[in-house]
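Fold and contact review
For reference, the chains in residue letters:
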Amino acid sequence: MTEATDAVQSARAAADRIAKAKRLNALLTPIKELRKSLVQQAQTVHPGGVLYGMPVAIKDNICTLEFETSCGSKILEGYRSPFDATAVAKLKAAGALVAGKTNCDEFGMGSSTEHSAYGRTIHPTEKTRVPGGSSGGSAALVAAGAVPAALGSETGGSVRQPASFCGIVGIKPTYGRVSRYGLVAFGSSLDQIGVFGRSVHDAARVLSVISGRDPKDATCEGRDPLRLPTVPENLDGFVIGIPKEYFPPDLDPGVRRACERAIRVLKELGAAVREVSLPHTPYAVPTYYIVAPAEASSNLARYDGVRYGPRFDGAPDVAALYRSTRGQGFGAEVRRRILIGTYVLSSGYYDAYYRKAQQVRALLAQDFRNVFDRGVDLVFTPTTPTTAFKAGEKLADPVQMYLSDIFVCTANLVGLPAMSVPIGRVKGLPVGGQFIGQTFLEDEMLEAAYALERAVPAVEEA
Ligand code: GLN
């Protein structure tokens, strides 16, 4: 059998598996279009790449030549990008197949994939629950076994939180590790493309392919692609910090048990485990929900019905055209973010909100430097305060929804690499443990994750 027929078989099998997962509403690409494109891609893909024939699903806010890029929004319905995001181009060059576009909260704004203009994504095993968000479609497809890996994006935890809810691995690299070219901007100083995999290795090898310099993104560091570490025998010599602020009294008892068990496993593997303090942690969510909407309000100004997507017409003048397009094209959560963002940036409020938030952001970064300067290599925490919640449960109260990002949004604010690894179940629902690493030291973080993944009983009740 030739290599091309191997890839075509892999493409057909992937299309079948994705079709079987239809009930999850995880994919926005029509299955017929997907199947046809997958087979075509498989016929033309260059053999010999490290991801040869591997189907990788792509979050719908990452531009691809194949398939529409709607960002889960009506305002970009039918939009087709004239170029591939750099991460997608790198995947293709490594032989991967673009396995369709996945459902997400509109423009990445949400924690449950309920804020999509195309309906909510269902949790892969519990249909009354959410898969997390905003990259919930990518997480659900990987968890359902439809694809071995998928790309998501992170502005404030949107890969790690759904990875934790769905029981898979999710990695957010250091800010600047992966090019943002072709990732539709939400909060430009926070955004990074991240990766989902069913194992640390699958996620890590996709991350290594998409990482590295890109002349098209000035915020992407001029570094060689990430080199994958080998799986360590043990964690001798590792110092792992456990920040006490991430274990509040009201932490879900099942999540706490799973984390305590994982910490015991890390010790058995030879790591030295120390309690540490990140004292500004309580300010992370309020800071994030000022900085992210501020940047979003500016980034989303470009959707006005003139250059992209549909135009909600019939307006007498240009201002009315903007109003009707933006009024009808954006969903409620996106409108809320734009309002918050313009408010915190407006004259008279800027100093009280936006400037203050930037100052607190610097303090959050200092917290981590203090811990790492004292010899700690990595921090370990729960990824989320609870397991996957019920659909509808947090829709009426946006602040409750925002609080599900409490342990994940800090890494985006400070630019550090972080990842979620499955560490057990509570009443059948997955729990994720989070590692936060040092700038551009993804390899150390991956070593610890490899070791933990091998030793922790991830599918057992904690
Ligand atoms: N849930 C967060 C928000 O709604 C994070 C989103 C993200 O990381 N894209 O903003």
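Use the structure listed above.
Values in this document were obtained by computation on a predicted structure and should not be read as measured data.

So, the site of the ligand
- Inspection of the region around the ligand gives 15 residues, with Thr155, Gly156, Ser158, Tyr288 and Arg337 positioned closest.
- Here a nitrogen atom of the ligand sits 2.9 Å away from a polar atom, N or O, in the side chain of serine 111.
- A distance of 2.6 Å is found between an oxygen atom of the ligand and a side-chain nitrogen or oxygen belonging to serine 158.
- With the chains in place, 100% of the 290 Å² that the ligand exposes on its own is no longer accessible.

Quick look at the packing of aromatic side chains
- Under the criterion given, the structure shown has 16 aromatic pairs.
- Arranged with centres 5.7 Å apart and planes meeting at 80 degrees, the rings of tyrosine 79 and tyrosine 308 form a pair that is edge-to-face. A residue pair is termed long-range when its members are at least 10 positions apart, and tyrosine 79 in the loop between β1 (55-59) and α3 (86-93) and tyrosine 308 in the loop between α8 (284-299) and α9 (318-329) qualify at 229 residues.
- Taking the relative accessible area as the measure of exposure, tyrosine 79 reaches 17% and is therefore buried.
- By way of ring pairs, the aromatic residues Tyr79, Phe107, Tyr303, Tyr308 and Phe330 are connected into one cluster.
- If you follow arginine 223 out to its NZ or CZ, it ends over the ring of phenylalanine 440, 3.8 Å from the centre.

Quick look at the sheet that holds strand β9 (residues 418-426)
- Across the sheet, which stays open at both edges, the 10 strands sit in the order β2-β1-β3-β5-β4-β9-β10-β8-β6-β7 with mixed pairing between neighbours. A strand with exactly one partner marks an edge of an open sheet, and here the two such strands are β2 (97-102) and β7 (272-276). With strand direction ignored, the average angle separating the axes of adjacent strands in the sheet is 30 degrees.
- With 5 bridges connecting them, strand β6 (residues 239-243) and β7 associate as parallel partners. Across the sheet, the residue bridging to isoleucine 240 is valine 273, located in β7.
- Strands β1, β2, β3 (149-154) and β5 (192-197) of the sheet are contacted by α3, whose axis makes an angle of about 175 degrees with β1.
- Packing of helix α6 (residues 200-210) onto the sheet brings it into contact with β3, β4 (169-172), β5 and β9, and relative to β5 it is tilted by some 150 degrees.

Describing the environment of tyrosine 288
- In this fold, tyrosine 288 is placed in helix α8.
- Exposure remark for tyrosine 288: the relative accessible area of 3% places this residue in the buried category.
- A C-alpha to C-alpha distance of 28 Å links tyrosine 288 and alanine 57, two positions 231 residues apart in sequence.
- In contact with tyrosine 288, other than residues within four places in its own chain, are Thr155, Gly156, Phe186, Leu190, Pro293, Cys409 and Leu413.

Some remarks on the packing of α8 against helix α10 (residues 332-345)
- Where α8 meets α10, the closest approach of the two axes is 7 Å, and the angle between their N-to-C directions is 100 degrees. Taken together, the axes of α8 and α10 are roughly perpendicular relative to one another. Along its contact with α8, which presents Tyr289, Ile290, Pro293, Ala294 and Ser297, the element α10 presents Arg337, Ile338, Ile340, Gly341, Thr342, Val344 and Leu345.
- Looking at the contact of α8 with α10, its residues break down into 8 nonpolar, 3 polar and 1 charged.

Overview of the nonpolar core
- In this structure, Leu91, Phe107, Leu151, Phe380, Met419 and Phe435 are the most contacted members of the largest nonpolar core, which totals 145 residues.
- The element contributing the most residues to this core is α8, with 9 residues.
- The contact partners of leucine 91, leaving out residues within four places of it in the chain, are Leu51, Val56, Ile58, Ala96, Leu151, Val206, Val209 and Ile210.

Digging into the side chain of threonine 102
- Relative to the helices and strands, threonine 102 resides in strand β2.
- Note on threonine 102: relative accessible area 0%, which makes it buried.
- At 3.4 Å, the side chain of threonine 102 and the backbone nitrogen of lysine 59 are in polar contact.
- Among all residues touching threonine 102, those that are not within four sequence positions of it are Ala26, Leu27, Leu28, Ala57, Ile58, Lys59, Asp60, Gly137, Ser138 and Leu141.

Thresholds applied
- Residues numbered from 1 in each chain as written.
- Predicted model: local features only at pLDDT ≥ 70, side-chain atom pairs only at ≥ 80, totals over all residues.
- Heavy atoms only, no water.
- Near = heavy atom within 4 Å.
- Polar contact = N/O pair within 3.5 Å; in protein donor to acceptor, adjacent residues only side chain to side chain.
- Areas by Shrake-Rupley, 256 points an atom, 1.4 Å probe, with all protein chains shown as cover.
- Phe/Tyr/Trp six-rings, centres within 6.5 Å; stacked < 30°, edge-to-face > 60°.
- Helix = DSSP H or I, 4+ residues; strand = E, 2+ residues; numbered from the N terminus.
- Buried < 20%, exposed > 50% of the residue type's maximum accessible area, 1.4 Å probe, protein only.
- Lys NZ or Arg CZ within 6 Å of the ring centre and 35° of its normal.
- Pairing = 2+ DSSP bridges.
- Axes fitted to C-alpha atoms, helices over the stretch in contact; angles between N-to-C directions.
- Contact = heavy atoms within 4.5 Å.
- Parallel < 35°, antiparallel > 145°, perpendicular 65-115°, else oblique.
- Nonpolar A, V, L, I, M, F, W, Y, C, P; charged D, E, K, R; others polar.
- Core = buried A, V, L, I, M, F, W, Y, C linked by side-chain atoms within 4.5 Å.

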